[in-house]
Amino acid sequence: SPPSSFSSSFLLNIQQIWDRLPMTFAFTSLTGIIIQEHAGVGLISMPFLVFAGIWSVWYWAKTDDLRPYAFIQGFPMLTLPFFLALFPARFNGREYYLFGLAWYGIARITEINDKEIFRWTARTVSGHTLKHLAAALALCVITRMLMVRHRIDEPV
């Protein structure tokens, strides 16, 4: 019936907003941190980055257009290698960023191939499930980096 399909669709949209909003905070905050560590202007850009992330989720919810959200999600992935290559390191352990980026790339690939992975695994594991596991591993790598790193100019 129309009312139940409306409420089901509405709840799905709310659920997806709450699924995307925390990820947006993570992407934009990580971008700001990387910019701060490597170029020294991340603290200035952080409020703008977070606002842009929130706006991208709002825009998607209103228009069903994921392009701004995809940009917010992909921007750190595209810019991280440039920041690592172009700016001097303030901390050791920058390779952890690359390992985290690799796991994030795997997460994106498994998400894109969700149905194929589900079919390849005889309907046992979906790409969406693997996406969450790979994204969690990316966070584990970044967390480990934060635990073991130190400023380059400090004695160990």
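Residues numbered from 1 in each chain as written. Predicted model: local features only at pLDDT ≥ 70, side-chain atom pairs only at ≥ 80, totals over all residues. Heavy atoms only, no water.

Draft legend 1. Structural view of helix α2 (residues 42-63). For α2, built from 22 residues, the straight-helix expectation of 32 Å at 1.5 Å per residue is met to within 8% by its first-to-last C-alpha distance of 30 Å. What α2 keeps buried is the set Gly42, Ser45, Leu49, Val50, Gly53, Ser56, Val57 and Trp60. Just past α2, the residue Asp64 takes up positive phi, approximately 65°. (Helix = DSSP H or I, 4+ residues; strand = E, 2+ residues; numbered from the N terminus. Expected span 1.5 Å × (residues − 1). Buried < 20%, exposed > 50% of the residue type's maximum accessible area, 1.4 Å probe, protein only.)

Draft legend 2. Representation of the confidence of the model for the protein within the structure. Residues of the protein with pLDDT of at least 70 account for 90%, and the chain-wide mean is 87. Element-level mean pLDDT values for the protein span from 76 in helix α1 (residues 2-39) up to 96 in helix α5 (residues 114-120). Every residue in residues 1-8 scores below 50 in pLDDT, and together they form 0 contacts with partners more than four places removed in sequence or on other chains. (pLDDT = per-residue confidence, 0-100. Contact = heavy atoms within 4.5 Å.)

Draft legend 3. Examining the packing of aromatic side chains more closely. Scanning the model with the defined rule gives 4 aromatic pairs in all. When the ring of Phe71 is compared with that of Phe75, the centres are 5.5 Å apart and the planes differ by 40°; the resulting orientation is tilted. Here Phe71 pairs with Phe75, and both are found in helix α3 (residues 67-86), just 4 residues apart, close to one helical turn. Its relative accessible area of 52% is what places Phe71 among the exposed residues. Taken together, a centroid distance of 5.4 Å and an interplanar angle of 20° make the contact between Phe83 and Phe87 stacked. (Phe/Tyr/Trp six-rings, centres within 6.5 Å; stacked < 30°, edge-to-face > 60°.)

Draft legend 4. Quick peek at the nonpolar core. Among the nonpolar cores identified, the biggest contains 10 residues, and these are Ile34, Ile35, Leu49, Leu80, Phe83, Leu84, Tyr97, Leu101, Ile142 and Met145. Where this core is concerned, the elements lending two or more residues are α1, α3, α4 (95-112) and α6 (127-148). With 3 residues, α3 is the largest single contributor of residues to this core. Once residues within four sequence positions are removed from consideration, Leu80 is found in contact with Ile34, Tyr97 and Leu101. Counting residues in hydrophobic clusters, the runner-up holds 7 residues, among them Leu21, Phe27, Val57 and Trp60. (Core = buried A, V, L, I, M, F, W, Y, C linked by side-chain atoms within 4.5 Å.)

Draft legend 5. Spatial organisation of a nonpolar patch on the surface. Taken together, the side chains of Val41, Ile44 and Phe48 define a hydrophobic patch exposed on the protein surface, amounting to about 340 Å² of accessible area. Along the polypeptide, Val41 turns up in the loop between α1 and α2. (Patch = residues over 30% accessible without salt bridge, like charges linked within 9 Å, V, L, I, M, F, W, Y side chains within 5 Å. Areas by Shrake-Rupley, 256 points an atom, 1.4 Å probe, with all protein chains shown as cover. Salt bridge = Lys/Arg side-chain N within 4 Å of Asp/Glu carboxyl O.)

Draft legend 6. Broad picture of the pattern of salt bridges. Applying the stated criterion to the full structure yields 5 salt bridges. Close ionic contact of Arg108 with Glu111 constitutes a salt bridge, the shortest N to O distance being 2.2 Å. Here Glu111 and Arg108 lie together in helix α4, a separation of 3 residues that amounts to about one turn. Under the relative-accessibility criterion, Arg108 is labelled partly exposed at 24%. The salt bridge involving Asp153 is made with Arg151; its shortest N-O contact spans 3.4 Å.

Draft legend 7. Summary view of α6. The terminal C-alpha atoms of α6 lie 31 Å apart, and with 22 residues this matches the ideal 32 Å at 1.5 Å per residue to within 8%. Listed as buried for α6 are Gly127, Lys131, Ala134, Ala138, Val141, Ile142 and Met145. All buried residues of α6 project into a common sector of 90° when viewed along the axis, lining one side. With respect to the buried face of α6, the exposed residues turned more than 90 degrees away are Leu133, Leu139, Leu146 and Met147. Elements that come into contact with the buried residues of α6 comprise α4 and α5. (Arc of directions from axis to C-beta.)

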